[in-house]
Amino acid sequence: MNLVLLTLENCWRDLKEGDGRISMATQVAMLFFLLTLTLTSASIQSYLAHNLDQMLGSDLVLESHARLKGEDEIAFRSLAPRQSVTQLSDITLTHHEVWARVRLKRVDDAYPLQGQLQVGDTPAATQRAVSQGPKVGEIWLDSRLAIQLRTQVGDTLSVAGTKLRLGAILFHEPDRLMEGHSTALRAMVHTQSLQGESLQGSQVRTRYLVTADEGRQQAIEDWVQTALPGAKLIQKNGGQHPLASFWQRTENFLGLASVILFFMGAVALDMTNRRWLAKMRYRLAIYASFGTRTRTGMLMALGEWLIGFILSVLVASLLATLAYGLIVAQLQDHFPGLQATGHWGPALKTVGLAFLLLYALQVPSFIQLSRASLLSLIRNPTEGRYVWHRLFWSITAATKLTTAYSDNWQLTGMTLAAIAVALALMVALTWTVIRLGDLWGRRRSGLLPFAFFIMRQRLFAKSAQVLGLGLCGLLLLFTLMLMRDLGATMERHGRSHDGNLLIAQAHAGQIDALQRWAAETGSSVRTLRPFVSAQLVAVNGKTLAEHSPRPSDTMASLADPIRLSWTDTLPANNRLVGGLWWPAGTERWQQISAESEVMTDLGLSHGDTLTYQIDGKSYDFTLVASHAYQPGGSSITFWFQVPRSARAQLDAPTRYMGSMELPAPAWDALAGLWQQHPTLSLVPLRELTERFDRTLGIVTKVTSGYAAMVLLLALFVLAASVSGFSTDDRQKNGLLMSMGLNHNDCLRLNFYDWGVTALIAATGAVAGTWIAGLLIYRSQFRLSYNPDVLWVAGMVVAMVAAVCVVGYIACRQSLKVSVRDLLATST
C-alpha cells in the first residue's frame, strides 16, 4: 500500500509541474481526436446499416438511366416477377408566380412494395400511413415544397398543360434511401397522370424495386453485370449504402489527419519524456539506496504512467462526448435521423489502440531505465543511441495508427515519404551546420563561435530538438497551406460563372422557346454548347469500378451520365495539356479528349479506350488528348470532348448547356416559361452561390476544427521543446554565469542557440512541404502545386520568431534565480 500511495503522490507531483501538464494535455488532445472520430464514424456506419435495412423499400433496387426495352425487359421480368417501376425527373413546378425546382417521382399501382407512405393534409398535420401512392390525376408534394409554393390540399397545379389536384402532403417514402444525402424538394404522381411526351427532354432515372429471395437476387446480379453495365444495383442483404463511398472518401481524409496529429503529439511527448526520464532516474537512485529492487522501481514508474493515461482517458472521453453530440447535430442535415447514441465497443477499441500507441512511445524510456546501473541513474548520461530508439518506436506507433485509420495508402504513403525525407534532411543539416560552425569557431573568439561549441557538445539533444520542431513546422505549414489553397480553389470555382442564369439542360425545342422569351423580356443568351448524355461504363474493357476501385468525387460523378460535347477546335476557355488535338473536319470520329484532372483521378493514359453508353448503345473512343480549363472565356466547360464528325454517329438527342443574362423585370416572367416547359433546367446564379456557400461553410467548419487541433498541438510541441530541455539550459546558464558572463551575454547565447535551431527546423519544414506538395496536390486533390513564396516566407519568419521569442522568455525566467540554484539539478 505504501508503494501505491508513493506512486500516486509522485504522479500528482508530476502533474503540478509544467512538463507533466504538457504531457497530460497532449495525451488528452490525441485521445479526444481519436475518440471523437471513432464515435462519429461508428454512429454513421450504424445509421447507414440500419438505413439500408429499413429504407430501401424492397429487397433489391435496380437503377438505370434508360428504361429497359425489348429482350432486356422480358429477361428482367422473368427473373423478378414481383416488381414496381418508378421514374424520376427533375422539373420546375409553378403555382401562380412562385416556382421551385423539384424531383418528380412517377409511381405505378404496385408502389410501394415494402413499407408504407406517410402523408397528411397540411405540413403540420398528424401523419397517417397509406399503402398506395397518389391516384391518377393527383399530385403529392413534400411539406417543404408545399410551404414554398404556398399551396394546400385541394389546389390545382399545372404540369406541362396537365391539371393535377394536390391530394396530400408527403412526409415519408419507404424507398427514400435511394436519394442518398439529397435535399431536393420532392413531388409524386401516378405514372398514368402524365404522358411521356409531356416530360420530353428531361433526363429520366428509372428504378425497378424488386422483392426476391437470395437465389433470385444472385441471378439478377449476374444478369445485370453482363446485360446492363451502366446500371446501379443495391441489395438489402450485403449491399452497399448509396452514401457508403461518400463516407469512405471522408474517412480517407480523416485517416491522414489522425496520422499527422499523432506525429505532432508524439513529438511533444518525446520532448517531455526527457524530463520525466530525468525524474525517474533520480527517484530510482533514491529507491535503490534504500534497498528497493530495480524491478519494483520499474513497476512504480509504469504505475505512474498508467495513472496519467487513465486520467487522460477520462478527461478526453468527457470532451469527446460533448464534441460528438455537437458534430452529430451538424450532420443531421445530411443524414436525417442520425442520433448520438453510445458506441462503447468501438470506443474501447480506440482506447486500447491509443494505449498501445502511447505505450510504444514510452518503451524507449522504460528500456533506458531498466538497463541503467546505479551510477548512471545518479549521473545524467548522454542520449547517444537512445535517440534512434525513440525514433524507431515513434515510427512503429505511427505505422499502427496508419493501419487502423487510413484506407488511402497512396495518400498516407506520400505523406510519410515527405516526412521521412524532411527528417533525413533535418538530421543532415543539423550535423553539417553545427559541425561546420564548430570548425569555423575554433580559431575565433566571441559568443557565436562559443554557441556552436556548446551545440556541438549537445549534438544528439540538439538533433532531437530540431527534429521535433521541424516536424511540427512541416505538418503545420503543409496543413495551413493545403487548407488555404483548397479554400481559394473552391472560391474561384464557385464565383467563375458568367451571366446570372445558368442553362443546365435544354433540348432544341426549348432553346427556340427560350430565345423567343429572351427577346420578349430583354434578356440575352450569352453562351450555348451542345452535348449528349453519355455514361462512361468501361476503360480498356474493364468496368469503371474494376479500373479505379479507389473512391473519389470523380468516380461518384461518373456513376451517372455526364455531358459529352463535340468541337473541332480547342475551345477558348480550354488549353491543351497533353496529347494531340484532332484536325478540323477529321473523319476519325472515335477520338476523345479528357479533362486533365479527371485523367489524374481515374489513372487514365493517352491511348486508353473509353466505352460510353449513350441512349442504350455502346460507343468506343480512343483517348488522344487532355485539356484543362483556363480563365478568359466562357465558364462552360466539359470533362470529355469529341470531334464534330462524331455527332452524326451518335444516336441520341442533342441537349444544350449555357448561360443567360436577365434584367430585373424578367425574373418574374420565369414562372410562365416554366409552366409551358417544366423540364427546362435553369439555375439562377444566386442559387448556385447559396449552394456553394453552404458547402464552403461545412468545409470551413471541418478545416477550422482540424487547424485548431494542429495549432494546439504545435503549441504543446513548442512548450515541450522548452520544458524538455530546461534542465540543460539551466545548467548551461549557471556554468556561464559562474565564469563571469552577465545576463545579456547568456541571453545572446540563448538567442544564437534557438535561432540556429529554428532556422534548421524551418529549412527542413519548407523542404518537406515542397516535397509533400509535389507528391500530393496533383495525385490526390487534383490541384497544381504553385506555392506562394511570400506566404511561405511569412510563415517561416513567424515560426522562427515564435521559437526564438519563447526560448528568450524561458531563458529570462531561468536567469532570475541565483547561480547556485541554476547549477542545481532540477528533479
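Residues numbered from 1 in each chain as written. Predicted model: local features only at pLDDT ≥ 70, side-chain atom pairs only at ≥ 80, totals over all residues. Heavy atoms only, no water.

Description of the overall build of the chain
Now for step 1: Secondary structure summary: the chain contains 23 helices and 22 strands in total.
Now for step 2: Burial status across the chain gives 53% buried among its 827 residues.
Now for step 3: Sequence separation of at least 24 residues holds for 83% of the intrachain contacts in the chain that already meet a minimum separation of 6.
Now for step 4: Of the roughly 36,800 Å² of accessible surface on the chain, a fraction of 58% belongs to carbon and sulfur atoms. (Helix = DSSP H or I, 4+ residues; strand = E, 2+ residues; numbered from the N terminus. Buried < 20%, exposed > 50% of the residue type's maximum accessible area, 1.4 Å probe, protein only. Contact = heavy atoms within 4.5 Å. Areas by Shrake-Rupley, 256 points an atom, 1.4 Å probe, with all protein chains shown as cover.)

Looking at the pairing of strand 6 (residues 138–142)
Now for step 1: Within strand 6, five of the five residues are buried, which leaves it mostly tucked inside the rest of the structure.
Now for step 2: Of the two faces of strand 6, the one lined by E138, W140 and D142 and the one lined by I139 and L141 are each fully buried.
Now for step 3: Note: strand 6 against strand 8 (residues 162–172), five bridges, orientation parallel. The residue of strand 8 that forms the bridge with L141 is I169.
Now for step 4: Alignment of strand 6 against strand 9 (residues 185–190), held across three bridges, turns out to be antiparallel. The residue bridging I139 from the neighbouring strand is V189, located in strand 9. (Pairing = 2+ DSSP bridges.)

Side note on the packing of aromatic side chains
Now for step 1: What the rule picks out here adds up to 17 aromatic pairs.
Now for step 2: Where F76 meets Y208, the ring centres are 5.4 Å apart and the plane angle is 75°; that geometry is what we call edge-to-face. Within this pair, whereas F76 is found in helix 3 (residues 70–79), its partner Y208 is found in strand 10 (residues 205–210), the two being separated by 132 residues in sequence.
Now for step 3: According to the relative accessible area criterion, F76 is buried, its value standing at 1%.
Now for step 4: Relative accessible area serves as the criterion here: at 2%, Y208 is assigned to the buried category.
Now for step 5: Members of the aromatic cluster, joined through ring pairs, are W305, F309, F355, Y359 and F366.
Now for step 6: The ring centre of F531 lies 5.4 Å from the NZ or CZ of R563, which sits over that ring. (Phe/Tyr/Trp six-rings, centres within 6.5 Å; stacked < 30°, edge-to-face > 60°. Lys NZ or Arg CZ within 6 Å of the ring centre and 35° of its normal.)

Focus: the environment of R103
Now for step 1: Along the chain, R103 turns up in strand 3 (residues 98–107).
Now for step 2: Separated by eleven residues in the primary sequence, R103 and T92 have C-alpha atoms spaced 8.5 Å apart.

Let's talk about empty space enclosed by the protein
Now for step 1: Under the counting rule described, the total for this entry stands at ten cavities of 30 Å³ or more.
Now for step 2: When its volume is computed, the largest cavity comes out at roughly 310 Å³.
Now for step 3: In terms of lining, the largest cavity is formed by 19 residues, of which the most central are G20, S23, Q27, W276 and W305.
Now for step 4: Among the secondary structure elements, those contributing two or more residues to the lining of the largest cavity are helix 1 (2–15), helix 2 (18–54), helix 6 (244–289), helix 7 (294–331) and helix 8 (344–370). (1 Å grid on protein atoms, 1.4 Å probe; cavity = no way out; pocket = protein on both sides within 12 Å on 5 of 7 lines; lining within 4 Å. Points joined across faces, edges and corners; volume = space filled by probe spheres on them.)

Points about the nonpolar core
Now for step 1: One finds I419, L471 and L475 to be the most contacted residues of the largest nonpolar core, which totals 46 residues.
Now for step 2: Elements with a contribution of two residues or more to this core: helix 2, helix 6, helix 11 (409–441), helix 12 (447–457), helix 13 (459–494), helix 19 (685–724), helix 21 (743–781) and helix 22 (789–814).
Now for step 3: When residues in this core are grouped by element, the largest group, nine residues, is from helix 13.
Now for step 4: Not counting the four nearest positions on each side in its chain, L475 is found in contact with I260, F263, M264 and I419.
Now for step 5: Judged by nonpolar contacts, the second largest core, of 41 residues, contains I44, W276, V328 and F366. (Core = buried A, V, L, I, M, F, W, Y, C linked by side-chain atoms within 4.5 Å.)

What about the side chain of R103?
Now for step 1: Judged by its relative accessible area of 17%, R103 falls in the buried class.
Now for step 2: Among the polar contacts made by the side chain of R103, one reaches the side chain of D90 at a distance of 3.2 Å. (Polar contact = N/O pair within 3.5 Å; in protein donor to acceptor, adjacent residues only side chain to side chain.)

Some thoughts on helix 8
Now for step 1: With 27 residues, helix 8 should reach 39 Å at 1.5 Å per residue; the first-to-last C-alpha distance of 36 Å fits that figure.
Now for step 2: Bending of helix 8 peaks at approximately 40° at the position of Q362, with proline P364 no more than four residues after it. (Expected span 1.5 Å × (residues − 1). Bend = angle between axes of the 7 residues up to and from the residue.)

So, the packing of helix 7 against helix 8
The description of two helices packed together rests on the angle between their axes and the distance between the axes.
Now for step 1: Running from N to C, helix 7 and helix 8 cross one another at 150°; their axes reach a closest spacing of 11 Å. Viewed along their axes, helix 7 and helix 8 adopt a mutual orientation that is roughly antiparallel. Judged by the twist between their axes, the crossing of helix 7 over helix 8 is right-handed. Only V351, A354, F355, L358, Y359, Q362, F366, L369 and S370 of helix 8 make contact with helix 7, whose side of the interface consists of M298, A301, L302, W305, L306, F309 and V313.
Now for step 2: Along the lines of polarity and charge, the residues of the contact of helix 7 with helix 8 split into 14 nonpolar, two polar and no charged. (Axes fitted to C-alpha atoms, helices over the stretch in contact; angles between N-to-C directions. Parallel < 35°, antiparallel > 145°, perpendicular 65-115°, else oblique. Left-handed = near helix turned anticlockwise from the far one by under 90°. Nonpolar A, V, L, I, M, F, W, Y, C, P; charged D, E, K, R; others polar.)

What about the pairing of strand 19 (residues 617–629)?
If a strand is regular, its side chains alternate between the two faces of the sheet.
Now for step 1: Both strand 16 (residues 574–579) and strand 19 contribute to a ladder of five bridges, which runs antiparallel. Among the inter-strand pairings, G578 is bridged to a residue of strand 19, identified as S626.
Now for step 2: Where strand 17 (residues 591–595) lies against strand 19, five bridges are found, and the strand directions are parallel. Counterpart to E595 in the pairing with strand 19 is H627.
Now for step 3: Sheet analysis places strand 18 (residues 609–614) next to strand 19, joined by six bridges and oriented antiparallel. The residue bridging Q613 from the neighbouring strand is S618, located in strand 19.

Focus on the packing of helix 3 against helix 5 (residues 214–227)
Now for step 1: Remark: helix 3 packs on helix 5, axes separated minimally by 10 Å, with the N-to-C direction vectors making an angle of 160°. Classified by the angle their axes make, helix 3 and helix 5 are roughly antiparallel. For the pair helix 3 and helix 5, the crossing hand works out as right-handed. Across the interface between the two elements, D72, A75, F76, S78 and L79 of helix 3 pack against R216, A219, I220 and W223 of helix 5.
Now for step 2: In terms of residue class, the contact of helix 3 with helix 5 is built from six nonpolar, one polar and two charged.

Comments concerning the pattern of salt bridges
Now for step 1: Tallied over the full model, the rule gives 14 salt bridges.
Now for step 2: A salt bridge links K617 to D651; its shortest N-O distance comes to 2.9 Å. Placement of K617 in strand 19 and of D651 in the loop between strand 20 (640–642) and strand 21 (655–661) is noted, with a sequence separation of 34 residues between them.
Now for step 3: On the basis of relative accessibility, which here comes to 41%, the residue K617 falls in the partly exposed class.
Now for step 4: Through salt bridges with shared partners, a single ionic network connects K105, D142, R144, E173 and R186. (Salt bridge = Lys/Arg side-chain N within 4 Å of Asp/Glu carboxyl O.)

Quick look at the side chain of D108
Now for step 1: Relative to the assigned elements, D108 resides in the loop between strand 3 and strand 4 (117–120).
Now for step 2: Within the buried core, D108 has no salt-bridge partner, and the shortest N-O distance to an opposite charge, that of R77, equals 6.3 Å.
Now for step 3: Within polar-contact distance, the side chain of D108 engages the side chain of S84 at 2.8 Å.
Now for step 4: There is a polar contact of 3.2 Å between the side chain of D108 and the backbone nitrogen of A110. (Lys, Arg positive; Asp, Glu negative; His and termini not counted.)

Things to note about a nonpolar patch on the surface
Now for step 1: Taken together, the side chains of V315, L318, L319 and L322 present a nonpolar region at the surface, about 370 Å² in accessible area.
Now for step 2: You can see V315 is positioned in helix 7.
Now for step 3: On the basis of relative accessible area, V315 is assigned to the partly exposed category, the value being 41%. (Patch = residues over 30% accessible without salt bridge, like charges linked within 9 Å, V, L, I, M, F, W, Y side chains within 5 Å.)

Description of the confidence of the model for the chain
Close inspection of predicted coordinates is inappropriate for parts of the model with low pLDDT.
Now for step 1: Within the chain, residue pLDDT values average 78, and 78% of them lie at 70 or more.
Now for step 2: Strand 20 holds the highest mean pLDDT among the elements of the chain, 94, whereas helix 9 (residues 374–378) holds the lowest, 57.
Now for step 3: Within the model, pLDDT remains below 50 along residues 239–244, and this stretch shows 14 contacts once partners closer than five positions in the same chain are excluded.
Now for step 4: Taken as a whole, residues 493–497 scores under 50 in pLDDT and shows eight contacts with residues more than four places along the chain or in a different chain. (pLDDT = per-residue confidence, 0-100.)

Digging into unusual backbone geometry
Now for step 1: Residue Y111 is joined to P112 through a cis peptide bond whose omega torsion reads -5°.
Now for step 2: Structurally, P112 can be placed in the loop between strand 3 and strand 4.

Considering the environment of P787
Now for step 1: Locating P787 in the fold gives a position in the loop between helix 21 and helix 22.
Now for step 2: Judged by its relative accessible area of 33%, P787 is partly exposed.
Now for step 3: The spatial distance from the C-alpha of P787 to the C-alpha of T769 is 9.7 Å, given a sequence separation of 18 residues.

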